[in-house]
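Chain residues, written in single-letter form:
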Amino acid sequence: MPYSGFSLDGKVALVTGAARGIGAALAAGLAEAGANVAVSDMTTRLELARDTQSRVEAAGVKSATYPLDVLDINSISPVIGRIVDDFGKLDILINNAGIRIRKPALEVTEADWDATLDTNLKGLFFCAQAAARPMIAQGWGRIINIGSQFSAVGSVDRAPYIASKHGVAGLTRALAAEWAQFGVTVNAIGPGPTETPGMLAADDRTPEQVQADLDYRMPLGRRMQPHELTGAALYLASPAANATTGHLLLVDGGWTAL
Ligand SMILES: NC(=O)c1ccc[n+]([C@@H]2O[C@H](COP(=O)([O-])OP(=O)(O)OC[C@H]3O[C@@H](n4cnc5c(N)ncnc54)[C@H](O)[C@@H]3O)[C@@H](O)[C@H]2O)c1
């Protein structure tokens, strides 16, 4: 008999920042594993988010698109309430929305700091809190926070980003400790460099400089593609991971192995 531990048949997932990049790939991957998927992003990206919805629906599951800006803390609970009404429940949250700012620490402004921490850490926390309520009520839930290899190690020119992503690792452990008793696991994925619109826009180096850096830092020797994170998300979202909580699963091409 085939192992059924990875099936997400009948589950309902919400992905934040799902219009493009890693969020779009994870939404499609969850759908291919059988989950119905609520797609969300900022209002300015809703058209793109509807493309993700089409990818999800192509897998034969239910989908809908919701405006959800994680900086608008007061809007998070009402949007999650609508999703629970529309889909009947919420089982899985992929807390993916995030931004990056690359500049030397001496040039970081208060606005840079606030934008990064408010999106990557504060918004992520309040999405987890709002999603946990219906999950705790039903006694089962999966919260998967998208961290980074910079949840585990440092680097130059990314101080607020690295602070936010280390915060994601710590918050993941704190929430895991509180919510395991309710059947809700909280884990993080730490992607390494992954080719997405956001990462390409933030990188002004030449292809030669990028390759030299990857040769030096990343045993895989290339940037990853967003779909290469799908397996990690499916594992953490699935019944197979019932006993895995508070974990940072690095999928970083070996970046942190060096
Ligand atoms: N690409 C990489 O190399 C890489 C590496 C490590 C971690 N990550 C993390 O993966 C996640 C996705 O990154 P990506 O590379 O796909 O980026 P991306 O910029 O291509 O996509 C990010 C998505 O998040 C959305 N978003 C941004 N601010 C938002 C807000 N306030 N509310 C709702 N949505 C918002 C954007 O509209 C966009 O659709 C981020 O948390 C990022 O830090 C990416």
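Residues numbered from 1 in each chain as written. Predicted model: local features only at pLDDT ≥ 70, side-chain atom pairs only at ≥ 80, totals over all residues. Heavy atoms only, no water.

Enquirer: Can you help me understand helix α8 (residues 230-237) in this one?
Expert: It helps to recall that an α-helix has 3.6 residues per turn; residues three or four apart then point in one direction. Where burial is concerned, most of α8 is hidden: 6 out of the 8 residues are buried. Regarding α8, the residues found buried are Thr230, Ala232, Ala233, Leu234, Leu236 and Ala237. Elements in contact with the buried residues of α8: α1 (21-32), β4 (92-95), β5 (141-146), β6 (184-191) and β7 (248-251). (Buried < 20%, exposed > 50% of the residue type's maximum accessible area, 1.4 Å probe, protein only. Helix = DSSP H or I, 4+ residues; strand = E, 2+ residues; numbered from the N terminus. Contact = heavy atoms within 4.5 Å.)

Enquirer: Just to check I follow, could you spell out the site of the ligand for this structure?
Expert: By nearness alone, 31 residues border the ligand, and Arg20, Asp41, Arg45, Tyr161 and Thr196 come closest of all. Asn96 is positioned with one of its backbone polar atoms (N or O) 2.9 Å from an oxygen atom of the ligand. Gly198 is positioned such that a nitrogen or oxygen atom in its backbone is 2.9 Å from an oxygen atom of the ligand. Most atoms of the ligand, that is more than half of them, are within 2 Å of grid points of the largest pocket. Put simply, the parts of the chain that give the shell around the ligand at least two residues each are α1, α5 (159-179) and α6 (197-201). Sort the elements by how many residues they give to the shell around the ligand and α6 lands first, with 3 residues. (Near = heavy atom within 4 Å. Polar contact = N/O pair within 3.5 Å; in protein donor to acceptor, adjacent residues only side chain to side chain. 1 Å grid on protein atoms, 1.4 Å probe; cavity = no way out; pocket = protein on both sides within 12 Å on 5 of 7 lines; lining within 4 Å. Sits in = over half its atoms within 2 Å of the grid points.)

Enquirer: Where do I start with the packing of α1 against helix α2 (residues 46-58) in this structure?
Expert: The relative placement of two packed helices comes down to the angle between their axes together with the axis-to-axis distance. Relative to each other, α1 and α2 sit at 20°, their axes nearing to 8 Å. It follows from the interaxial angle that α1 and α2 lie roughly parallel. Handedness of the crossing formed by α1 with α2: right-handed. Listed contacts from α2 to Ala24, Ala25, Ala27, Ala28 and Ala31 of α1 are Thr52, Arg55 and Val56. Per-class residue counts for the contact of α1 with α2 are 6 nonpolar, 1 polar and 1 charged. (Axes fitted to C-alpha atoms, helices over the stretch in contact; angles between N-to-C directions. Parallel < 35°, antiparallel > 145°, perpendicular 65-115°, else oblique. Left-handed = near helix turned anticlockwise from the far one by under 90°. Nonpolar A, V, L, I, M, F, W, Y, C, P; charged D, E, K, R; others polar.)

Enquirer: I keep staring at the packing of aromatic side chains and nothing clicks. Help me out?
Expert: One pass over the structure, following the stated rule, counts 4 aromatic pairs. When the centroid spacing of 6.5 Å and the interplanar angle of 65° are considered together, the rings of Phe6 and Tyr235 count as edge-to-face. On the criterion of sequence distance, the pair formed by Phe6 in the segment before β1 (12-15) and Tyr235 in helix α8 is long-range, its members being 229 residues apart. Relative accessible area serves as the criterion here: at 45%, Phe6 is assigned to the partly exposed category. Measuring from ring centre to ring centre gives 5.9 Å for Phe150 and Trp255, while their planes differ by 85°; the resulting arrangement is edge-to-face. (Phe/Tyr/Trp six-rings, centres within 6.5 Å; stacked < 30°, edge-to-face > 60°.)

Enquirer: Explain the pairing of strand β3 (residues 63-67) to me, please; I cannot follow it from the model alone.
Expert: Pairing geometry for strand β2 (residues 36-41) and β3, over 5 bridges, is parallel. For Val39, the partnering residue across the bridge sits in β3 and is Thr65. With respect to chirality, the unit in which β2 leads through α2 into the neighbouring parallel β3 is right-handed. (Pairing = 2+ DSSP bridges. Right-handed = clockwise from strand over helix to strand, strands pointing away.)

Enquirer: I'm lost on the environment of Leu14 in this one. Help?
Expert: Take Leu14: it is sitting in strand β1. For Leu14, a relative accessible area of 0% puts it in the buried group. Each C-alpha atom of the pair Leu14 and Gln181 lies 22 Å from the other, and the pair is 167 residues apart in sequence. Those residues in contact with Leu14, other than ones at most four positions away along the chain, are Ala38, Ser40, Leu68, Ile80, Ile83, Leu90, Ile92, Leu93 and Ile94.

Enquirer: Explanation requested: the side chain of Thr230 in the structure shown.
Expert: Counting through the fold element by element, Thr230 comes out in helix α8. Residue class for Thr230 comes out buried when judged on its relative accessible area of 13%. Reaching out from Thr230, the side chain makes a polar contact with the backbone oxygen of His227 at a distance of 3.0 Å.

Enquirer: Mind showing me how you'd approach the layout of surface pockets here?
Expert: With a probe scaled to a water molecule rolled over the atoms, the places where space remains empty come into view. Here the largest pocket defines a volume of roughly 950 Å³. As for the largest pocket, its lining consists of 47 residues, of which Gly98, Ile99, Arg100, Thr196 and Met199 are closest to the centre. Listed by contribution, the elements that provide at least two residues to the lining of the largest pocket are α1, α4 (110-138), α5, α6 and α7 (207-217). (Points joined across faces, edges and corners; volume = space filled by probe spheres on them.)

Enquirer: I'm lost on the nonpolar core in this one. Help?
Expert: In summary, soluble globular proteins display a tendency toward joint burial of nonpolar side chains. Core analysis: the biggest nonpolar cluster contains 38 residues, and Leu8, Leu30, Val37, Ile94 and Ile189 have the highest contact counts within it. Once residues lying within four places of it in the same chain are set aside, the contact partners of Ile94 are Leu14, Val15, Thr16, Leu26, Leu30, Ile144, Ile146 and Ala233. In this structure, Ile83, Ala97, Leu124 and Ala132 belong to the second largest nonpolar core, which totals 29 residues. (Core = buried A, V, L, I, M, F, W, Y, C linked by side-chain atoms within 4.5 Å.)

Enquirer: So what exactly am I meant to see when it comes to the pattern of salt bridges here?
Expert: Opposite charge on two side chains makes pairing possible when the charged atoms of those side chains draw close. This model, assessed by the stated rule, comprises 7 salt bridges. The partner of Asp203 in a salt bridge is Arg223, with the nearest N and O atoms 2.7 Å apart. Taken together, the residues Asp203 in the loop between α6 and α7 and Arg223 in the loop between α7 and α8 connect sequence positions 20 residues apart. The exposure class of Asp203 is buried, given its relative accessible area of 13%. Note on Arg223: relative accessible area 14%, which makes it buried. Its salt-bridge partner being Glu228, residue Arg222 comes within 2.8 Å of it at the nearest N-O pair. Its relative accessible area of 35% is what places Arg222 among the partly exposed residues. Salt bridges sharing partners connect three or more residues here, namely Asp203, Arg205, Asp213, Arg217 and Arg223. (Salt bridge = Lys/Arg side-chain N within 4 Å of Asp/Glu carboxyl O.)

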